[in-house]
Amino acid sequence: MSHRSAARRRLMSTLTGRPGPTSARRRPAAAAAALVAGALALAGCTAADAADGPTHVTVVLDWTPNTNHSGLYLALERGYFTDAGLEVDVVEPGETSGLQMVAVGKAQFAYSVAEGLVPAREQGADVVSVATVIEHNTSSLISLASAGITRPRDLAGKRYGSYGSELESALIRRLVECDGGDPDAVQMPPLTSDDFRIGLTAGQYDAAWVFDAWDTIRLRDVDGLDVTTLAFADHTDCIPDWYTPLVATSAELVEEDPATVRAFVGALAHGYRDAMDEPDAAADALLAAAPELEPELVERSAAWLATRYADDPAAWGRQDARVWTDFVAFLQDNDLADEGFDTAAAWTDEFLP
């Protein structure tokens, strides 16, 4: 299984409480000694601040480099972090997640998702979202056009390839029921492969959860499959919008070194504004950092995201209290978050330019 595939499975199992065999992320409620041990495995990726030089910070990706990270790599390439007095190390997640690294002080920033940050906070990790990377959720359910799935209720009687997440099940059931279908009629066999092209064309499942900026573009525009998608963003009358991915830091860093947080977020925002204005440059920066990626996919994805990182480049990173409140309420309605969860403490926009 590829690193990206394993990361996707870790992401989707965040809220299950029963991580599957491919899930490598320990939950933040694990003993502190286990967290520190896992973090120390990546200790070579961090650096102490120099007394008379730039401030060193480490940012942990949520999986392998992709176009969700284009603004970060463009900001690095153009020296925006250097101009802000920062020296930035970028690392990929290993056995220890980015939020865990931030929680134990082994990294200063991490790319993550709202469905990861909420349980992390509930389990004692005082992590805070300081920016959303994309203004709206870009998830979709993808299927071959021949499957005839054109609206959520069409999933009844079909096979949905499942990651095994309780959040995932709750969302699919809500979508189908809201559209007048029978959620109990949706079959949810486990995914046997994260290669969606094989899964769909070999009949392993009829639909799967994908991210349009990467998976849909690959299948539809690069591989040329005749597919249809049900975008989550088109059904927010039934399910919530939420921030995936986002950038998080620790409440401790916010309290003790707000200048570093402001400098990092400001330089990052500059990079993403540039990525919106210059998608070709964003693609080039990502490919320079990760030359193993497929150029056509990266270029198409960068162009697609250029209009979706934010409605207005000047407002990149802004979060909406209603989005957070509605998402947490959905989790609570499905027993996936405590009723007393402090939503307001989970995010802040104060460091955005």
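Residues numbered from 1 in each chain as written. Predicted model: local features only at pLDDT ≥ 70, side-chain atom pairs only at ≥ 80, totals over all residues. Heavy atoms only, no water.

Enquirer: What's the story with the overall build of the chain in this structure? I'm lost.
Expert: Of the regular secondary structure elements, the chain holds 14 helices and nine strands. In the chain, which comprises 353 residues, the proportion classed as buried is 56%. Nonlocal contacts in the chain, meaning residues at least 24 apart in sequence, comprise 80% of its contacts between residues at least 6 apart. On the chain, roughly 13,800 Å² of surface is accessible, and the fraction owed to carbon and sulfur atoms is 46%. (Helix = DSSP H or I, 4+ residues; strand = E, 2+ residues; numbered from the N terminus. Buried < 20%, exposed > 50% of the residue type's maximum accessible area, 1.4 Å probe, protein only. Contact = heavy atoms within 4.5 Å. Areas by Shrake-Rupley, 256 points an atom, 1.4 Å probe, with all protein chains shown as cover.)

Enquirer: I would appreciate a short explanation of a negative patch on the surface in the present structure.
Expert: A cluster of acidic residues, Glu77, Asp280, Asp284 and Glu299, forms a negative patch on the protein surface. Using a relative accessible area of 47% as the deciding quantity, one classes aspartate 284 as partly exposed. (Patch = residues over 30% accessible without salt bridge, like charges linked within 9 Å, V, L, I, M, F, W, Y side chains within 5 Å. Salt bridge = Lys/Arg side-chain N within 4 Å of Asp/Glu carboxyl O. Lys, Arg positive; Asp, Glu negative; His and termini not counted. Charge placed at Lys NZ, Arg CZ, Asp CG, Glu CD.)

Enquirer: Help me out: how do you make sense of the environment of valine 222 in this one?
Expert: Residue placement: valine 222 occurs in helix α9 (residues 212-222). Taking the C-alpha atoms as reference points, valine 222 and leucine 297, 75 residues apart in sequence, are found 6.7 Å from one another. Residues in contact with valine 222, not counting those within four places in the same chain, are Ile217, Glu294, Glu296, Leu297 and Arg300.

Enquirer: It is not clear to me how the packing of helix α6 (residues 114-122) against helix α14 (residues 321-333) should be interpreted in this structure. Could you clarify?
Expert: How two helices pack is summed up by the angle between their axes together with the distance between the axes. Close contact between α6 and α14 brings their axes to 11 Å; oriented N to C, the two are set at 70°. Considered as vectors, α6 and α14 are oriented roughly perpendicular to each other. As for how α6 packs across α14, the hand of that crossing is right-handed. Within the contact between the two elements, α6 uses Ala114, Glu115, Leu117 and Val118 and α14 uses Trp324, Phe327, Val328 and Leu331. Tallied by class, residues from the contact of α6 with α14 come to seven nonpolar, no polar and one charged. (Axes fitted to C-alpha atoms, helices over the stretch in contact; angles between N-to-C directions. Parallel < 35°, antiparallel > 145°, perpendicular 65-115°, else oblique. Left-handed = near helix turned anticlockwise from the far one by under 90°. Nonpolar A, V, L, I, M, F, W, Y, C, P; charged D, E, K, R; others polar.)

Enquirer: Mind showing me how you'd approach the nonpolar core here?
Expert: Where a protein is soluble and globular, its nonpolar side chains tend to be buried together. Counting residues in hydrophobic clusters, the biggest one holds 60 residues, and the most contacted among them are Leu141 and Trp209. Leucine 141 has contacts with Leu155, Tyr160, Ile172, Leu175, Ala208, Trp209, Thr228, Thr229, Leu230 and Phe232, leaving out every residue within four places of it along the chain. Within the second largest apolar cluster, 51 residues are counted, among which are Leu86, Leu253, Ala282 and Leu352. (Core = buried A, V, L, I, M, F, W, Y, C linked by side-chain atoms within 4.5 Å.)

Enquirer: Quick question: what am I supposed to make of helix α13 (residues 295-305) here?
Expert: An α-helix turns once every 3.6 residues. As a result, residues three or four positions apart point the same way. Those residues of α13 that fall on the buried side of the exposure criterion are Leu297, Val298, Ser301, Ala302, Trp304 and Leu305. Mapping the buried residues of α13 onto a view down its axis gives an arc of 160°, with all of them on the same face. (Arc of directions from axis to C-beta.)

Enquirer: Help me understand the sheet that holds strand β6 (residues 160-161) in this model?
Expert: Sheet strands line up and pair through hydrogen bonds in the backbone, either parallel or antiparallel. Taking strand neighbours across the sheet as the criterion, the four strands line up as β6-β7-β5-β8 in an open arrangement whose pairing is mixed. On the outer flanks of this sheet lie β6 and β8 (227-231), each paired with one strand and no other. When β6 meets strand β7 (residues 207-211), the two strands line up parallel, connected through two bridges. Paired with glycine 161 across the strands is alanine 208, a residue of β7. Most of the contacts of α9 go to β7, to which it runs at about 120°, and overall it touches β5 (139-144), β7 and β8. (Pairing = 2+ DSSP bridges.)

Enquirer: Sorry if this is basic, but what is going on with the sheet that holds strand β4 (residues 127-132) here?
Expert: Ordered in space as β2-β1-β3-β9-β4, the five strands form an open sheet in which the pairing is mixed. The strands lining the two open edges of the sheet, one partner per strand, are β2 (86-91) and β4. Along the sheet, successive strands turn relative to each other by an average axial angle of 30°, direction set aside. Sheet strands touched by α6: β3 (109-112), β4 and β9 (246-250). Its angle to β4, the strand with the most contacts, is close to 160°.

Enquirer: Help me out: how do you make sense of the pattern of salt bridges in this one?
Expert: When the charged atoms of two side chains lie near each other, side chains of opposite charge can form a pair. On inspection of all chains with the given rule, the structure shows 11 salt bridges. Between arginine 78 and aspartate 274 there is a salt bridge, and its shortest N-O distance comes to 2.9 Å. Of the two residues, arginine 78 is situated in the loop between α3 (70-77) and α4 (80-83) and aspartate 274 in helix α11 (residues 258-277); the sequence distance between them amounts to 196 residues. Given the relative accessible area of 30%, arginine 78 is considered partly exposed.

Enquirer: Sorry, what's going on with the pairing of strand β1 (residues 55-60) here?
Expert: Regular strands have side chains that alternate between both faces of the sheet. Within β1, five of the six residues are buried, which leaves the element mostly enclosed by the surrounding structure. Where β1 and β2 come together, six bridges link them in parallel fashion. Bridge pairing in β2 places histidine 56 opposite glutamate 87.

Enquirer: Help me understand the side chain of threonine 348, please; the structure alone is not making it clear to me.
Expert: Counting through the fold element by element, threonine 348 comes out in the segment after α14. Aside from chain neighbours lying at most four places away, what touches threonine 348 is Val128, Ser129, Val130 and Gln319.

Enquirer: Looking at this structure, I do not really get the packing of aromatic side chains. What am I missing?
Expert: Both the distance between ring centres and the angle between the ring planes are used here to describe each pair of aromatic rings. Evaluated as defined, the whole model comprises 10 aromatic pairs. When the centroid spacing of 6.2 Å and the interplanar angle of 80° are considered together, the rings of tryptophan 209 and tryptophan 242 count as edge-to-face. Highlighted residues: tryptophan 209 in strand β7 and tryptophan 242 in the loop between β8 and β9, separated in sequence by 33 residues. Of the residues examined, tryptophan 242 reaches a relative accessible area of 1% and is grouped as buried. Taking the ring centre of tryptophan 304 as reference, the NZ or CZ of arginine 308 above it sits at 3.8 Å. (Phe/Tyr/Trp six-rings, centres within 6.5 Å; stacked < 30°, edge-to-face > 60°. Lys NZ or Arg CZ within 6 Å of the ring centre and 35° of its normal.)

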